[in-house]
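Coordinate inspection notes
If you want the building blocks of each chain, they are given just below.
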Amino acid sequence: MIKNIIILGPQGSGKSTQGEVIADYLKIQIAASGDILRKAMDEKTDLAKKIKSFVNKGVLVPDQHMVEMFSEELSKSKYSNGFLLDGFPRNLVQAEDLDKHHTIDKVFDIEISDKEAIERISGRRICSNGHVWHIKHKLPKKEGVCDTCKEKLYKRDDDKEDIVTKRLFIYRQETAKLLKYYMSQGKLVTFKGEHTIGTISKNILDYLKKDAG
């Protein structure tokens, strides 16, 4: 029975969206690195300042900080029925540490090309309340203004093309080893991420239903 899952995929692959579909179907909790890091950055500590500088530069947060944060997070009782990890582990050091404390049942990899990833991310615009729009795929009614809350839209520093390209390069380097690691364990399942959101969700749910059957 699938209980503990890691979801992988380059920036812009839609893995967080698919993670929600998976977690809802399996009734498990999501532990997303983005959410955990944002909470850390909001604390205004020295560590938070360091983490923020790494994120804004488009480089990965050091392993020791990531391992410490996720170890504390997964110890919470809400993950006792299972979890879906989004954004962690990012490399072999983190994966090997995770394996010492938790059993991972499956690793779902949603793949898209770098060209597609750059187009999706660099065209993204958000408001101060976190609503997301896109200059090609999801235009607001009024240019530069959020339909939902009427706040001004802006482009995040880490959504700029040069930063995205740098992040993708790092991701490909580290994840190639990670994919090989989980493939050797027979846990890796890859889905094509350039289909529609609905098609990808169906493919994943079909796999889960087949596994449960």
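Here's a quick rundown of the structure. (Residues numbered from 1 in each chain as written. Predicted model: local features only at pLDDT ≥ 70, side-chain atom pairs only at ≥ 80, totals over all residues. Heavy atoms only, no water.)

1. Details of the overall build of the chain
This is how the line gets drawn: Strands here are runs of E lasting at least two residues and helices are runs of H or I lasting at least four, both read from the DSSP assignment and numbered beginning at the N terminus. To get the radius of gyration, use the C-alpha atoms; to get the globule rule, take the number of residues to the power 0.38 and multiply by 2.2 Å. Exposure classes here rest on a 1.4 Å probe applied to the protein chains alone. A residue is buried below 20% of its type maximum, exposed above 50%, and partly exposed in between. In this analysis, two residues are considered to be in contact whenever any of their non-hydrogen atoms come within 4.5 Å of each other. Accessible surface is estimated by sampling points in the Shrake-Rupley manner with a 1.4 Å probe; for residues, cover comes only from the protein chains shown.
A tally of regular secondary structure across the chain gives eight helices and seven strands. Expected size for 213 residues packed as a compact globule is a radius of gyration near 17 Å; at 17 Å, the chain falls within 12% of this value. Projecting the C-alpha coordinates of the chain onto the three principal axes gives extents of approximately 50 × 45 × 35 Å. Within the chain, buried positions represent 43% of all 213 residues. Here the analysis covers contacts within the chain between residues at least 6 apart in sequence; of these, 71% occur between residues at least 24 apart. Looking at the chain as shown, the accessible area adds up to about 12100 Å², and 51% of this sits on carbon and sulfur atoms.

2. Digging into helix H3 (residues 46–57)
Heads up, the rule is: A helix is expected to reach a length of 1.5 Å times the quantity of its residues less one.
When the terminal C-alpha atoms of H3 are compared, their 17 Å separation across 12 residues agrees well with the 16 Å that a helix rising 1.5 Å per residue should span. At the C-terminal side of H3, Gly58 shows a positive phi close to 80°.

3. Observations concerning the packing of helix H5 (residues 92–101) against helix H7 (residues 161–184)
Here is the rule we go by: Inter-axis angles, ranging from 0 to 180 degrees, are taken between N-to-C directions of lines fitted to C-alpha atoms, where helices are fitted over the stretch in contact. By the convention adopted, Pro, Cys, Tyr, Trp, Phe, Met, Ile, Leu, Val and Ala count as nonpolar, Lys, Arg, Asp and Glu as charged, and the other residues, Gly among them, as polar.
Running from N to C, H5 and H7 cross one another at 35°; their axes reach a closest spacing of 9 Å. Contact residues: H5 offers Leu92, Ala95, Glu96, Leu98 and Asp99, while H7 offers Lys177, Leu178, Tyr181 and Tyr182. Its residues placed into classes, the contact of H5 with H7 shows six nonpolar, no polar and three charged.

4. Comments concerning the pattern of salt bridges
Here is the rule: Any carboxyl oxygen of Asp or Glu within 4 Å of a side-chain nitrogen of Lys or Arg constitutes a salt bridge here.
Evaluated as defined, the whole model comprises 12 salt bridges. The residue Glu116 makes a salt bridge to Arg120 at a minimum N-O spacing of 2.8 Å. Here Arg120 and Glu116 lie together in helix H6 (residues 114–122), a separation of four residues that amounts to about one turn. Glu116 gets classed as partly exposed once you look at its relative accessible area, which sits at 21%.

5. Brief notes about a negative patch on the surface
Under the convention used in this document: Note that patches include only residues with greater than 30% relative accessible area and no salt bridge, and the join distances are 9 Å for like charges and 5 Å for nonpolar side chains (Val, Leu, Ile, Met, Phe, Trp, Tyr). Neither His nor the chain ends is counted toward charge; the positive residues are Lys and Arg and the negative residues Asp and Glu. Charge coordinates come from a single atom per side chain, which is NZ of Lys, CZ of Arg, CG of Asp or CD of Glu.
A cluster of acidic residues, Asp42, Glu43, Glu68 and Glu72, forms a negative patch on the protein surface. Looking at the element boundaries, Asp42 is found in the loop between helix H2 (33–41) and H3.

6. Some remarks on the pairing of strand E3 (residues 83–86)
Put simply, the rule reads: In this scheme, strands are said to pair when DSSP sees at least two bridges between them.
Because side chains alternate across E3, one face comprises the buried residues Phe83 and Leu85, and the other comprises Leu84 and Asp86, equally buried. Bridge analysis of strand E1 (residues 4–8) against E3 gives four bridges, and the strand direction is parallel. If you follow Ile5 over to E3, its bridge partner there is Leu84. Sheet topology note: the strand E2 (residues 29–32)/E3 ladder contains four bridges and is parallel. Residue pairing for E3: Gln29 is matched across the bridge by Phe83.

7. Topic: the nonpolar core
Stated formally: Throughout this description, the term nonpolar core refers to a set of buried Ala, Val, Leu, Ile, Met, Phe, Trp, Tyr and Cys residues connected via side-chain atoms within 4.5 Å.
Counting 28 residues, the largest nonpolar core has Ile6, Leu85, Leu98 and Tyr182 as its most contacted members. Elements represented by at least two residues in this core include exactly E1, H2, helix H4 (63–74), E3, H5 and H7. Leaving out residues up to four positions away in the same chain, Leu85 has contacts with Ile5, Ile6, Ile7, Ala31, Phe70, Leu74 and Leu98. By size, the runner-up hydrophobic cluster in this structure holds 15 residues, among which are Ile7, Phe108, Ile200 and Leu208.

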